[in-house]
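Reading the structure
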Amino acid sequence: QVHAVEIDVKYNKEWSFGARVGFLPEVLFSGITLQFFSADVRGRWFLFDRALFVGLAAGQYRYSASLSGGSAATGLFTSTATGINLTITPHFGWRWLWDTGFMMGLEFGYGWTTSPNVTASSAVTSGAPSADEQSRREAIAARNAKALSENDLPVATVLEFGYYF
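Reference entry: report on the structure contained in this document. (Residues numbered from 1 in each chain as written. Predicted model: local features only at pLDDT ≥ 70, side-chain atom pairs only at ≥ 80, totals over all residues. Heavy atoms only, no water.)

A few points about the side chain of aspartate 8
As a reminder of what qualifies: Runs of H or I in DSSP of at least four residues are treated as helices and runs of E of at least two as strands, each being numbered from the N terminus. Each residue's exposure class comes from its accessible area (1.4 Å probe, protein chains only) as a fraction of the maximum for that residue type: buried when under 20%, exposed when over 50%, partly exposed otherwise. For this analysis, a polar contact is any N or O atom pair within 3.5 Å, provided that within protein one partner can donate a hydrogen and the other can accept it, and provided that sequence-adjacent residues contribute only side-chain to side-chain pairs.
You can see aspartate 8 is positioned in strand S1 (residues 3–10). What makes aspartate 8 buried here is its relative accessible area of 16%. A polar side-chain atom of aspartate 8 sits 3.2 Å from a polar atom in the side chain of serine 16. At a separation of 3.1 Å, a polar atom in the side chain of aspartate 8 contacts the side chain of arginine 95.

Below is the structure:
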């Protein structure tokens, strides 16, 4: 579950512009610790002066994945992959606005990634692995980081609440 906060300004009845930041708290999944952060700016065009909109967002997401393992014979280690990707996200959705200013909505989109910047490393926490073992671990971390960075992300905000002043 990604948590996000957005500031959105309704320019007129047809257009709004905003900025959003989101994050995924540290999660342990199959022995891998994952973290995620995103930030973007976005614009929305409300069709027919109604709740339905189409929009475009541009920003970046950052992620980190780490895995610890090994044995007394090969040494204990932590492999970490981090990346920063620029994203372009066309999206559509609905935002219903009450006279009180309360807003409820949902949106769907697809985030295309561009310009991945990935780094991978492996650190020994105890023991003394061979140079081959250390190289193998770094290669695995680099391969997994590259695969992670090349994935586009579907975007779904199932329920959002807000208030327009």
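A few points about the pairing of S1
Sheet faces and side chains relate simply in a regular strand, where the side chains alternate between the two faces. This is how it is decided: Paired strands, as defined in this entry, are two strands with at least two bridges between them according to DSSP.
Inspection of the sheet shows S1 paired to strand S2 (residues 15–29) by 8 bridges, in the antiparallel sense. For glutamate 6, the partnering residue across the bridge sits in S2 and is arginine 20.

Observations regarding the pattern of salt bridges
Rules: We define a salt bridge as a side-chain nitrogen of Lys or Arg found within 4 Å of a carboxyl oxygen belonging to Asp or Glu.
By the definition in use, this model includes 11 salt bridges. Across the pair glutamate 107 and arginine 42 runs a salt bridge, and its minimum N-O distance is 2.8 Å. Of this pair, glutamate 107 sits in strand S6 (residues 102–126) while arginine 42 sits in strand S3 (residues 32–46); the two residues are 65 residues apart in sequence, bridging distant segments of the chain. We note that glutamate 107, like arginine 42, is buried. Between glutamate 107 and arginine 44 there is a salt bridge, and its shortest N-O distance comes to 3.1 Å. Taken together, the residues span a long stretch of sequence, with glutamate 107 in strand S6 and arginine 44 in strand S3 at a distance of 63 residues. Taking relative accessible area as the criterion, glutamate 107 reaches 1% and is therefore assigned buried. Judged by relative accessible area, arginine 44 falls into the buried class, the value being 0%. One salt-bridge network, in which partners are shared between bridges, spans Glu6, Asp8, Arg20, Asp40, Arg42, Arg44, Arg95, Glu107 and Glu160.

Quick word on the sheet that holds S2
Filter applied, for reference: Only C-alpha atoms enter the line fits that serve as axes; for helices the fit covers just the stretch in contact. Angles between N-to-C directions range over 0 to 180 degrees.
The sheet built from 7 strands is open, its strands ordered S1-S2-S3-S4-S5-S6-S7 with antiparallel pairing. Since the sheet does not close on itself, it has two edges, and those belong to S1 and strand S7 (153–163), each with one partner. Here the average twist between neighbouring strands, direction ignored, is 15 degrees.

Observations regarding the packing of aromatic side chains
Given two aromatic rings, one states the distance between the centres and the angle between the planes to describe the pair. Test applied: We call Phe, Tyr and Trp rings a pair once their centres come within 6.5 Å, taking the six-membered ring for Trp, and we label the pair stacked below 30 degrees between planes, edge-to-face above 60, and tilted otherwise. In this scheme, Lys NZ or Arg CZ marks a charge over a ring once it lies within 6 Å of the ring centre and within 35 degrees of the ring normal.
One pass over the full model with this rule turns up 11 aromatic pairs. Plain terms: the ring middles of tyrosine 110 and tryptophan 112 are 5.5 Å apart, the flat faces sit at 70 degrees to each other, and that makes the pair edge-to-face. Residue tyrosine 110 is classed as partly exposed on the basis of its relative accessible area, which comes to 34%. When its relative accessible area of 43% is taken as the criterion, tryptophan 112 is described as partly exposed. Taken together, the aromatic side chains of Tyr11, Trp15, Phe17 and Trp45 make up a single cluster linked through ring pairs. Over the face of the ring belonging to phenylalanine 53 we find arginine 44, whose NZ or CZ atom lies 5.1 Å from the ring centre.

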